[in-house]
Amino acid sequence: MKTWLKPAQRLEKLPQYVFARLDELKLRAKEQGLDLIDLGMGNPDGPTPQPVIDSAIAALQDPKNHGYPPFEGTASFRRAITDWYKRRYNVQLDSEGEALPLIGSKEGLGHLAIAYIDPGDVVLVPSPAYPAHFRGPLLAGGEIYEMILSAENNWLIDLAAIPEEVAQRAKVMYFNYPANPTGAIAPREFFEEAVAFAKKYEILLVHDLCYAELAFDGYQPTSLLEIEGGKDVGVEFHTLSKTYNMAGWRVGFVVGNRHIIQGLRTLKTNLDYGIFSAIQVAAETALQLPDQYLEAVCDRYKERRDFLIAGLGELGWDIPKTYATMYLWIPVPVGMSSADFALKVLESTGVVFTPGSAFGKGGEGYVRISLIADCDRLGEALNRLKQAGIRYK
């Protein structure tokens, strides 16, 4: 390649995005005639709720929604966000400065890193973690310190294990409970410890709460902003992609510390014009849906969770029951890497799993299975595994 066509060095630091690689493998499998059962991406399979669609159609007919939206989002959408937080978590937020709409939470997570991380800043990131939690800091030139998680500690971050010299240098900590990819949950006490840790070392906390509404068996996830002092040190990201089946709409939001949010807003005013106003109207409608809608969504994922855990149990896997998210996190057979196992499953059965190594070195030895197919299709996937002789032990 000619030197003047060479991308910036920051791109060279990025590993290949696993889902792009998976797309290549899936395309090749389809060309070979395989009927794929794709349980790889966290792409909800249900339709967007009809009231949301109807609201979007009506908003499209209104010419006032066709111009540039306000940089900080529409006032009515921001109020819908803060009303939703008050209703769901009893957290009082100021819609004028403590809530900012985003073009999906992934966009906001990445841009926050660029807004707050300078080259050489230490960033604490769990491993395994959602790739956006470490890709944004890498693009910003941050020095990633991977907090390796383990099944023995229920995939919880061990704050006491972070070396003192690392904690002293750290500027930002990303974390995510309920967690992607592990499905782990964190007790309220962990959030209290995280706030105390952040205050002691003057660390900005970035909590990804994108799966909080997909919770089962009476479990109620915790918001960072419920914790005394949480808003002093951090922000919380949310998306409508999972809960409201709006993945392709690209709409989410961040709430919390107004100074942190203002920094992100300043960056975004120089990079984008925000979310199409008609989509913001539709998102308002989603946040105002009755709780029965959320209950139906959770019931659907719970049924799939129970079905797949039981079926995998017949193939030798002993999977602990998850209490949130749309994923199962399962170990691969001894002697295989996560990528090799995922490739073997894809080539021999047409079933797509995501290798755990895609989520950081702490994910090696596992694959993530998304509960994005109905039980009939999940049953077909299990039958294919059985027929191909794929077992855990």
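Residues numbered from 1 in each chain as written. Predicted model: local features only at pLDDT ≥ 70, side-chain atom pairs only at ≥ 80, totals over all residues. Heavy atoms only, no water.

What follows is about the side chain of Asn 176. Relative to the helices and strands, Asn 176 is located in the loop between strand E5 (170–175) and helix H8 (188–201). Take Asn 176: its relative accessible area is 6%, and that puts it in the buried class. Here Pro 178 takes part through its backbone oxygen, which lies 2.9 Å from a polar atom of the side chain of Asn 176. A distance of 2.8 Å separates a polar atom in the side chain of Asn 176 from the backbone nitrogen of Asn 180. Excluding residues within four positions of it along the chain, Asn 176 makes contact with His 133, His 207 and Asp 208. (Helix = DSSP H or I, 4+ residues; strand = E, 2+ residues; numbered from the N terminus. Buried < 20%, exposed > 50% of the residue type's maximum accessible area, 1.4 Å probe, protein only. Polar contact = N/O pair within 3.5 Å; in protein donor to acceptor, adjacent residues only side chain to side chain. Contact = heavy atoms within 4.5 Å.)

A cluster of acidic residues, Glu 295, Asp 299, Glu 303, Asp 374 and Asp 376, forms a negative patch at the surface. Broken down by element, the negative patch gets its largest block of residues, 3 residues, from helix H12 (residues 291–313). Along the chain, Asp 374 falls in the loop between strand E12 (366–370) and helix H14 (375–387). Classification of Asp 374 as partly exposed rests on a relative accessible area of 41%. (Patch = residues over 30% accessible without salt bridge, like charges linked within 9 Å, V, L, I, M, F, W, Y side chains within 5 Å. Areas by Shrake-Rupley, 256 points an atom, 1.4 Å probe, with all protein chains shown as cover. Salt bridge = Lys/Arg side-chain N within 4 Å of Asp/Glu carboxyl O. Lys, Arg positive; Asp, Glu negative; His and termini not counted. Charge placed at Lys NZ, Arg CZ, Asp CG, Glu CD.)

The next subject is the packing of helix H5 (residues 105–116) against helix H10 (residues 258–269). Contact geometry of H5 with H10 gives a least axis separation of 9 Å together with a crossing angle of 95°. Classified by the angle between their axes, H5 and H10 sit roughly perpendicular to one another. Along the contact surface, H5 presents Glu 107, Gly 108, His 111, Leu 112, Ile 114, Ala 115 and Tyr 116, while H10 presents His 259, Ile 260, Gly 263, Leu 264, Leu 267 and Lys 268. Split by residue class, the contact of H5 with H10 holds 7 nonpolar, 4 polar and 2 charged. (Axes fitted to C-alpha atoms, helices over the stretch in contact; angles between N-to-C directions. Parallel < 35°, antiparallel > 145°, perpendicular 65-115°, else oblique. Nonpolar A, V, L, I, M, F, W, Y, C, P; charged D, E, K, R; others polar.)

Geometrically, a pair of aromatic rings is defined through the distance of the ring centres and the angle of the planes. This structure, assessed with the given rule, holds 20 aromatic pairs. Note on Trp 84 and Phe 253: the rings are 6.1 Å apart at their centroids and 80° apart in plane angle, and the pair reads as edge-to-face. Pair noted here: Trp 84 is in helix H4 (residues 75–89) and Phe 253 is in strand E8 (residues 252–256), with a separation of 169 residues, a long-range link. Judged by its relative accessible area of 0%, Trp 84 falls in the buried class. (Phe/Tyr/Trp six-rings, centres within 6.5 Å; stacked < 30°, edge-to-face > 60°.)

Between helix H3 (residues 50–60) and helix H11 (residues 277–287), the least distance of the axes is 8 Å, while the angle of their chain directions is 150°. The angle between the axes of H3 and H11 places the two elements in the roughly antiparallel class. Where H3 crosses over H11, the two elements pack in a sense that is right-handed. Side by side, H3 and H11 meet where Pro 51, Val 52, Ser 55, Ala 56, Ala 59 and Leu 60 of the first sit next to Ala 278, Val 281, Ala 282, Thr 285 and Ala 286 of the second. Partitioned by chemical class, the residues of the contact of H3 with H11 number 9 nonpolar, 2 polar and no charged. (Left-handed = near helix turned anticlockwise from the far one by under 90°.)

Moving on, we get to the pattern of salt bridges. Considering all chains together, one arrives at 24 salt bridges under this definition. In this structure, Arg 188 engages Glu 192 in a salt bridge whose closest nitrogen and oxygen atoms are separated by 3.9 Å. A residue pair is termed a helical-turn pair when its members lie 3 or 4 positions apart in one helix, as Arg 188 and Glu 192 do in helix H8 at 4 residues. Among the ionic pairs, Asp 232 bridges to Lys 199, the shortest N-O distance being 3.6 Å.

With that settled, the discussion passes to the pairing of strand E6 (residues 204–208). Counting buried residues in E6 gives 5 out of 5 residues, a clear majority hidden from the surface. Across 4 bridges, the pairing between E6 and strand E7 (residues 234–239) is parallel. Following the sheet pairing, Asp 208 is matched in E7 by Phe 237. (Pairing = 2+ DSSP bridges.)

Now for the environment of Ile 103. For Ile 103, the position within the fold is in the loop between strand E2 (99–102) and H5. Along the sequence, Ile 103 and Phe 307 sit 204 residues apart, while their C-alpha atoms lie 34 Å from each other.

It is worth spelling out the sheet that holds E8 at this point. Pairing within the open sheet is mixed, and its 7 strands lie in the order E2-E8-E7-E6-E5-E3-E4. In the strand order of this sheet, the two ends are held by E2 and strand E4 (143–148), each with one partner. The average angle at which neighbouring strand axes cross in this sheet is 20°, direction not considered. Alignment of E2 against E8, held across 4 bridges, turns out to be antiparallel.

With 64 residues, the main nonpolar core has Leu 39, Tyr 85, Tyr 244, Leu 312, Leu 328 and Phe 353 as its most contacted residues. Of all the elements, H12 adds the most residues to this core, at 8 residues. Filtering out sequence-adjacent residues up to four positions away, Leu 312 remains in contact with Trp 317, Ile 319, Leu 328, Ile 330, Ile 369, Leu 382 and Leu 385. Formed by 34 residues, the second largest nonpolar core is a distinct cluster that contains Leu 149, Phe 197, Ile 227 and Trp 329. (Core = buried A, V, L, I, M, F, W, Y, C linked by side-chain atoms within 4.5 Å.)

So, about the pairing of E4. Bridge count for strand E3 (residues 122–127) against E4 is 6 bridges, and the pairing is parallel. Bridge pairing in E4 places Ser 127 opposite Ile 148. Taken together, E3, helix H6 (residues 132–139) and E4 form a β-α-β motif whose crossover is right-handed. (Right-handed = clockwise from strand over helix to strand, strands pointing away.)

With that settled, the discussion passes to unusual backbone geometry. Glycine aside, negative phi is the norm for most residues, and most peptide bonds take the trans geometry. The step from Ser 127 to Pro 128 runs through a cis peptide bond, and the omega angle for that step is 15°. Turning to its location among the elements, Pro 128 is positioned in the loop between E3 and H6. The linkage connecting Tyr 177 with the following residue, Pro 178, adopts the cis geometry, with an omega of 0°. Residue placement: Pro 178 occurs in the loop between E5 and H8. Phi at Asn 90 takes a positive value of approximately 55°, unusual for a residue other than glycine. Relative to the elements of secondary structure, Asn 90 occurs in the loop between H4 and E2.

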